[in-house]
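Reading the structure
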Amino acid sequence: MQKPFTLNVDTDSICQPPSSSTLLVDRTFRMLARLGVIIILALVVAIVLEIGVKAIPGIQKYGLDMLTGTVWDVGQQQFGILPAIWGTLYSSLIALLIGGFFGISMAIFLTQDFLPPRLAAVFRTIVELLAAIPSVVYGLWGIFVVIPFIRPLTDVLNESLGWIPFFSSTLSGPGLLPAALVLAIMILPTIAAVSQDALRSVPLKTKQAAYGMGATHWEAILKVMVPTAATGIFGSLVLGLGRALGETMALAMLVGNSNQISLSLFAPANTLAALLALNFPEAGPNEIGVLMYAALVLMLITLVVNILGSMMIMYAQRGTKS
């Protein structure tokens, strides 16, 4: 009578079926990971519900008129946040253009053999330390350094190119341009760090193959490395934009807090985050609902930006795979 087939497992071999303790640890880790995801989602839902419930009085009283209004006068009970929405998007996009250019350039410079490894590590640490500087320090630096430094240039641009809407006013103090410049420096570490990781994830053989085809150093970087890491680089820009949309203290100190809509880079403006930070300490019961309404709008803008960015990243990944 033939014996059934059995597999003799060598206890000294590294190729062994998982033990009961290993399975227990694996299942416990999975449960904890799922629990963490559920807790995070629950916190997000709780925050949105809390803000939404407190915003209901403002929504019921002002409705869409608050989104299209341009006057914010507490004494007259007139609340319009369209200039703050404009200032939030305008300053964030300008900061993204400046910070994105320098952040990606810095990532290329630190990862593509332009510096010795030890020196590159020093510069990388310096860039990462920028993220540890408090927002209020950036604001003070902008007031006492950035504004006096760029004011002569803005005067020249206004005198010679004042017919262009972007230079149609003078920089008398806080304004959109100094706020955007400081904001660009604040989002620079995020863009640079994520872009460096994206460039490092490109296999070395890809770059070597470009050299084998006769490409120069810059051709290999700009035509091979950057396009291959484009998904990760774009993700860094989305993260930087999300960081810029929610910045509060530095912009409250530098943007001018003026409810006006203007294309001029030198004109004072306002943002939703600065509006909330400056008005909440003295807000009465009637104003809480209005400010919560503005906070809800800011959350929706951030959510829409992140969703659109994620969709574009997914589309780029599909295009790369195909």
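Just so it is clear, the structure is predicted and the values come from calculations on it, not from any experiment. (Residues numbered from 1 in each chain as written. Predicted model: local features only at pLDDT ≥ 70, side-chain atom pairs only at ≥ 80, totals over all residues. Heavy atoms only, no water.)

**Considering the overall build of the protein chain**
We apply this condition: Strands here mean DSSP runs of E at least two residues long; helices mean DSSP runs of H or I at least four residues long; both are numbered from the N terminus. Note on classification: 1.4 Å probe, protein chains only; a residue is buried when its accessible area is under 20% of the maximum for its type, exposed when over 50%, partly exposed between these limits. Contact between two residues is taken to exist if any of their heavy atoms lie within 4.5 Å; hydrogens are not considered.
In terms of regular secondary structure, the protein chain is built from 12 helices and 2 strands. Going residue by residue from the N terminus, the α and β elements of the protein chain occur as α-α-β-β-α-α-α-α-α-α-α-α-α-α. Its C-alpha atoms give the protein chain principal-axis dimensions of roughly 100 × 55 × 35 Å. With 322 residues in all, the protein chain has 38% of them scored as buried. Taking as baseline every contact in the protein chain between residues at least 6 positions apart, the subset at least 24 positions apart corresponds to 74%.

**Remarks on the packing of helix H7 (residues 204-212) against helix H8 (residues 217-228)**
We apply this condition: To get an axis, fit a line to the C-alpha atoms, keeping to the stretch in contact for a helix; angles then go from 0 to 180 degrees between the N-to-C directions. For classification purposes, angles smaller than 35 degrees are called roughly parallel, those larger than 145 roughly antiparallel, those between 65 and 115 roughly perpendicular, and all remaining angles oblique. Here a crossing is taken to be left-handed if its near helix is turned anticlockwise relative to the far helix by less than a right angle, and right-handed if that turn runs clockwise. Polar here means any residue outside two lists: the nonpolar Ala, Val, Leu, Ile, Met, Phe, Trp, Tyr, Cys and Pro, and the charged Asp, Glu, Lys and Arg; Gly therefore counts as polar.
Between H7 and H8, the least distance of the axes is 10 Å, while the angle of their chain directions is 140°. Considering their axes alone, H7 and H8 lie oblique with respect to each other. When you trace H7 past H8, the crossing you get is right-handed. Here Thr206, Lys207, Ala210 and Tyr211 of H7 lie close against H8, whose contacting residues are His217, Ala220, Val224, Met225 and Thr228. Its residues assigned to classes, the contact of H7 with H8 comprises 5 nonpolar, 3 polar and 1 charged.

**Let's talk about helix H11 (residues 272-279)**
Counting buried positions over the 8 residues of H11 gives 6, a clear majority of the element. Along H11, the residues that are buried comprise Leu272, Ala273, Ala274, Leu275, Leu276 and Asn279.

**Looking at unusual backbone geometry**
Phi is positive for Gln77, close to 55°, though the residue is something other than glycine. Inspection of the secondary structure assignment puts Gln77 in the loop between strand S1 (72-73) and strand S2 (78-79).

**Focus: the pattern of salt bridges**
The criterion, for reference: Whenever Lys or Arg places a side-chain nitrogen within 4 Å of a carboxyl oxygen from Asp or Glu, that contact is recorded as a salt bridge.
Counted by the stated rule, this structure contains 4 salt bridges. For Lys54, the salt bridge identified is with Glu50, shortest N-O distance 3.3 Å. Of this pair, Lys54 and Glu50 both sit in helix H1 (residues 20-62), separated by 4 residues, roughly a single helical turn. Residue Glu247 pairs with Arg243 through a salt bridge whose shortest N-O separation is 2.7 Å. For Glu247, a relative accessible area of 6% corresponds to the buried category.

**What to know about the packing of aromatic side chains**
Note the threshold: For this analysis, a ring pair means two rings from Phe, Tyr or Trp (six-membered ring only for Trp) whose centres lie within 6.5 Å, classed as stacked if their planes differ by under 30 degrees, edge-to-face if by over 60, and tilted for the remaining angles.
Per the stated rule, a full pass over the model turns up 7 aromatic pairs. Ring centres of Tyr62 and Phe79 lie 5.5 Å apart, and the angle between their planes is 85°; on these two criteria the pair is classed as edge-to-face. You can see Tyr62 sitting in helix H1 and its partner Phe79 sitting in strand S2, a full 17 residues away along the chain. Take Phe79: its relative accessible area is 5%, and that puts it in the buried class. For the pair Trp86 and Tyr90, a centre-to-centre distance of 5.0 Å together with 40° between the ring planes defines the contact as tilted.

**Considering the side chain of Gln196**
Its location among the elements puts Gln196 in helix H6 (residues 176-200). Taking the relative accessible area as the measure of exposure, Gln196 reaches 4% and is therefore buried. Excluding its chain neighbours within four sequence positions, the residues that come into contact with Gln196 are Ala107, Leu110, Thr111 and Arg124.

**Some remarks on the packing of H6 against helix H9 (residues 230-246)**
Where H6 meets H9, the axes come as close as 8 Å, and the angle between the chain directions of the two elements is 155°. Taken as axis vectors, H6 and H9 run roughly antiparallel relative to one another. Every pair of crossing elements has a handedness; the one defined by H6 and H9 is right-handed. Across the interface between the two elements, Leu183, Met186, Ile187, Thr190, Ile191, Val194, Ser195, Ala198 and Leu199 from H6 touch Gly232, Ile233, Ser236, Leu237, Leu239, Gly240, Arg243 and Ala244 from H9. Taken together, the residues that form the contact of H6 with H9 break down as 11 nonpolar, 5 polar and 1 charged.

**Some remarks on the environment of Ala131**
Tracing the backbone through its elements, the reader meets Ala131 in the loop between helix H4 (117-129) and helix H5 (135-161). Given the relative accessible area of 57%, Ala131 is considered exposed. Sequence-wise, Ala131 and Ile187 are 56 residues apart; in three dimensions their C-alpha atoms are separated by 8.0 Å.

**Details of the confidence of the model for the protein chain**
Defined as follows: How sure the predictor is of each residue is captured by pLDDT, a score from 0 to 100.
Within the protein chain, residue pLDDT values average 84, and 93% of them lie at 70 or more. In the model of the protein chain, helix H12 (residues 285-321) stands out as the element of lowest mean pLDDT, 80, in contrast to helix H3 (residues 82-111), which has the highest, 91.

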